[in-house]
Amino acid sequence: MTLEIRPARADEIDATVDVLRATGLGANVGRLLRFPIDSPTGDVLVAVLDGVVVGGAAVAGFGATGWIGALGVASRARRRGIGTALTEGCVARLHELGAKTVLLFATTAGRPVYSRVGFQTDGIVHAWRDVAPPRGRSGSDGVRALEPRDHPRVLALDQEATGEDRGSVFSAMGGAVPGLVVERAGRVAGSAVRSPWGLGPSVVATDREAGVALLSVLRRVPGAPLTVSLPDGNADAVRALRAWGFQSINQATRMRLGPEPRFVPTRVFGMFNLFWG
Ligand SMILES: CC(C)(COP(=O)(O)OP(=O)(O)OC[C@H]1O[C@@H](n2cnc3c(N)ncnc32)[C@H](O)[C@@H]1OP(=O)(O)O)[C@@H](O)C(=O)NCCC(=O)NCCS
């Protein structure tokens, strides 16, 4: 039996996506991998057992921090150390890219694997779905469309909330970042950004009022009901979601290897996805 853990070749991406989908990582996993594939600081790693792709994972490096996401091993190849080897390969790749802290969202199956590698738990996140969206326009004052002139402020708000420099995610969306901001006394106090890579919008705000105002407007956007993931540590936001009748559809454990970034859960009202937050 020969096992290789290495960057996926372009002609192995489809097989990797098939394996990851079959592990239960979601129908959207192919879309989620587009950012690490296209980003100069991202990568997809594969586990190849006797010449066959049996597992994969992706990394996204953001300078001092980096994320592991979409890690999975085909059921037939589990409990042989492949998940652990993939995790170690991802950590090594992120260290090469300059990360001091490696972050991830773990499923119940993944948690013991990451703990053994040295990751510690940093709180729980839940994904929520709006099962009773309201009709009609919202009366939320100060919420308007995000404009290119807002980009530096939106990035600064993101950094203040996550403690990370996720500029590469924002620049990968190019000039046209679809989203909203909430303005107070001429200053942007929160933003909601839609990305092509995930479940819901990334929503950050300086305080509860600004964050909840953005979520309130997002609920009324025509189309599929809002799905939003956020840390349980933002108790005010969770309370608002519950009061609106949102239902929990998923949960994961935020885990960290390395020094803690200045992550402020009370400023996070929505995450791009359960890969890089
Ligand atoms: C989580 C997951 C990636 C683990 O993959 P894996 O290849 O089975 O992981 P490992 O083999 O390294 O470790 C799993 C278990 O096998 C054990 N093991 C490792 N090598 C072994 C061996 N040679 N013989 C027997 N057991 C072994 C480990 O000790 C570990 O045991 P424990 O978790 O019960 O303590 C896999 O279960 C999976 O894809 N799950 C679905 C998707 C998912 O949840 N991914 C995580 C996203 S965060």
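Residues numbered from 1 in each chain as written. Predicted model: local features only at pLDDT ≥ 70, side-chain atom pairs only at ≥ 80, totals over all residues.

### Side note on the overall build of the protein
Turning to step 1, where the next piece is worked out: Summing up its helical and strand segments, the protein has 9 helices and 13 strands in all.
Turning to step 2, where the next piece is worked out: Relative to the compact-globule value of 19 Å for 277 residues, the protein shows a C-alpha radius of gyration of 19 Å, a close match.
Turning to step 3, where the next piece is worked out: C-alpha atoms of the protein, sized along the principal axes, occupy 65 × 35 × 35 Å.
Turning to step 4, where the next piece is worked out: Taking all 277 residues of the protein together, the buried fraction comes to 44%.
Turning to step 5, where the next piece is worked out: Long-range contacts, defined as pairs at least 24 residues apart, comprise 74% of the intrachain contacts of the protein with a sequence gap of at least 6. (Helix = DSSP H or I, 4+ residues; strand = E, 2+ residues; numbered from the N terminus. Rg over C-alpha atoms; globule rule 2.2 N^0.38 Å. Buried ≥ 20, exposed ≤ 12 C-beta atoms within 10 Å, placed from the backbone. Contact = placed C-beta atoms within 7 Å.)

### Thoughts on the environment of Asp 236
Turning to step 1, where the next piece is worked out: Considering the arrangement of structural elements, one finds Asp 236 in helix H9 (residues 235–243).
Turning to step 2, where the next piece is worked out: On the basis of neighbour counts, which here come to 14 C-beta atoms within 10 Å, the residue Asp 236 falls in the partly exposed class.
Turning to step 3, where the next piece is worked out: On a C-alpha basis, the gap between Asp 236 and Ala 205 in space is 12 Å, while along the polypeptide they are 31 residues apart.

### Examining the packing of helix H8 (residues 208–218) against H9
Angle between the axes and distance between the axes: these two values describe a pair of packed helices.
Turning to step 1, where the next piece is worked out: Running from amino to carboxyl end, H8 crosses H9 at an angle of 35 degrees, the nearest separation of the two axes being 10 Å. In the packing of H8 onto H9, the handedness of the crossing is right-handed. Of the residues in H9, those in contact with Arg 208, Gly 211, Val 212 and Leu 215 of H8 are Asp 236, Ala 237 and Ala 240.
Turning to step 2, where the next piece is worked out: Per-class residue counts for the contact of H8 with H9 are 4 nonpolar, 1 polar and 2 charged. (Axes fitted to C-alpha atoms, helices over the stretch in contact; angles between N-to-C directions. Left-handed = near helix turned anticlockwise from the far one by under 90°. Nonpolar A, V, L, I, M, F, W, Y, C, P; charged D, E, K, R; others polar.)

### A closer look at the sheet that holds strand S7 (residues 143–145)
Turning to step 1, where the next piece is worked out: Overall, antiparallel pairing links the 5 strands, which are arranged S7-S8-S9-S10-S13 in an open sheet. The two strands at the open ends of the sheet, each matched to only one other strand, are S7 and strand S13 (268–270). Between one strand and the next, the sheet's axes are offset by a mean angle of 25 degrees, whatever the strand orientation.
Turning to step 2, where the next piece is worked out: In the packing of helix H6 (residues 151–162) onto the sheet, contacts are made with strand S8 (179–184), strand S9 (187–193), strand S10 (202–205) and S13, and the angle to S9 comes to roughly 80 degrees. (Pairing = 2+ DSSP bridges.)

### Some words on the site of the ligand
Turning to step 1, where the next piece is worked out: The ligand sits among 19 residues. The nearest are Arg 78, Gly 83, Thr 84, Thr 107 and Gly 110.
Turning to step 2, where the next piece is worked out: Of all the secondary-structure elements, those providing two or more residues to the shell around the ligand are helix H1 (13–25), strand S4 (65–73), helix H4 (82–96) and helix H5 (111–117).
Turning to step 3, where the next piece is worked out: Across the shell around the ligand, the residue classes break down as 8 nonpolar, 8 polar and 3 charged. (Near = placed C-beta within 6 Å.)

### As for the domain arrangement of the protein
Turning to step 1, where the next piece is worked out: Each assigned domain of the protein is listed here: domain 1 (3–118) and domain 2 (128–248).
Turning to step 2, where the next piece is worked out: In this structure, domain 1 and domain 2 have C-alpha centres spaced 28 Å apart.
Turning to step 3, where the next piece is worked out: Listing elements by their share of the side of domain 1 that touches domain 2, those giving two or more residues are helix H2 (29–32) and helix H3 (34–38).
Turning to step 4, where the next piece is worked out: A breakdown of the residues in the side of domain 1 that touches domain 2 according to their chemical character gives 3 nonpolar, 4 polar and 3 charged. (Domains from an automatic or database assignment.)

### Remarks on the environment of Arg 34
Turning to step 1, where the next piece is worked out: Its location among the elements puts Arg 34 in helix H3.
Turning to step 2, where the next piece is worked out: Distance from Arg 34 to Pro 196, taken between C-alpha atoms, is 8.9 Å for residues 162 residues apart in sequence.

### Notes on the environment of Leu 155
Turning to step 1, where the next piece is worked out: Tracing the sequence through the fold places Leu 155 in helix H6.
Turning to step 2, where the next piece is worked out: Overall, the presence of 19 C-beta atoms within 10 Å leaves Leu 155 in the partly exposed class.
Turning to step 3, where the next piece is worked out: Put simply, Leu 155 and Arg 166 are 11 residues apart on the chain and 7.6 Å apart in space, counted from C-alpha to C-alpha.

### A few points about unusual backbone geometry
Turning to step 1, where the next piece is worked out: Its identity is not glycine, yet Arg 79 carries a phi of approximately 60 degrees, on the positive side.
Turning to step 2, where the next piece is worked out: Structurally, the position occupied by Arg 79 is in the loop between S4 and H4.
Turning to step 3, where the next piece is worked out: Phi angles above zero are rare outside glycine, and Ala 185 is one such case at about 50 degrees.
Turning to step 4, where the next piece is worked out: Structurally, Ala 185 can be placed in the loop between S8 and S9.

### Structural notes on the pairing of S10
Turning to step 1, where the next piece is worked out: Residues Ser 202 and Val 204 point to one face of S10 and Val 203 and Ala 205 to the other, with burial holding for every one of them.
Turning to step 2, where the next piece is worked out: The pairing of S9 with S10 spans 4 bridges and is antiparallel. The partner of Val 193 across the bridge, within S10, is Ser 202.
Turning to step 3, where the next piece is worked out: Bridge count for S10 against S13 is 2 bridges, and the pairing is antiparallel.

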